[in-house]
Amino acid sequence: MNLTIEIENKEDYPFIKKLLESLKGVKIIENKYEMIEGVPAHVFEEIEKYGKSLKEEDLISKKDFFKFIDEEICKLNSQK
């Protein structure tokens, strides 16, 4: 099982680390990059670049999107 803990107060890190390491089977894996909502910041940056590269012809309307979703739901439901 994996668990991610964010510690806002850096002074608490040594205490928390020592406490967790005292538990049987716990490994501390340090995350050396900034996270945004549990995702590495560089992933958000790449998504932003991709979004800026999209052209009008790459997009579909909200109506077409929901029509597609409805069709896919029907396909999934018919497989049951």
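We now turn to the structure provided with this report. (Residues numbered from 1 in each chain as written. Predicted model: local features only at pLDDT ≥ 70, side-chain atom pairs only at ≥ 80, totals over all residues. Heavy atoms only, no water.)

## Considering the layout of surface pockets
Now for step 1: Roughly 1,200 Å³ of internal volume is contained in the largest pocket.
Now for step 2: Lining the largest pocket are 24 residues, with Leu3, Thr4, Ile5, Ile29 and Asn31 sitting closest to its centre.
Now for step 3: Counting residues per element, the lining of the largest pocket draws most heavily on helix H1 (residues 13-21), which supplies four residues.
Now for step 4: For the lining of the largest pocket, the per-class residue count stands at 13 nonpolar, four polar and seven charged. (1 Å grid on protein atoms, 1.4 Å probe; cavity = no way out; pocket = protein on both sides within 12 Å on 5 of 7 lines; lining within 4 Å. Points joined across faces, edges and corners; volume = space filled by probe spheres on them. Helix = DSSP H or I, 4+ residues; strand = E, 2+ residues; numbered from the N terminus. Nonpolar A, V, L, I, M, F, W, Y, C, P; charged D, E, K, R; others polar.)

## Let's talk about a nonpolar patch on the surface
Now for step 1: On the surface, Leu3, Ile5 and Ile7 cluster together to form a nonpolar patch covering roughly 290 Å² of accessible area.
Now for step 2: Positionally, Ile7 belongs in the segment before H1.
Now for step 3: The exposure class assigned to Ile7 is partly exposed, which follows from its relative accessible area of 31%. (Patch = residues over 30% accessible without salt bridge, like charges linked within 9 Å, V, L, I, M, F, W, Y side chains within 5 Å. Areas by Shrake-Rupley, 256 points an atom, 1.4 Å probe, with all protein chains shown as cover. Salt bridge = Lys/Arg side-chain N within 4 Å of Asp/Glu carboxyl O. Buried < 20%, exposed > 50% of the residue type's maximum accessible area, 1.4 Å probe, protein only.)

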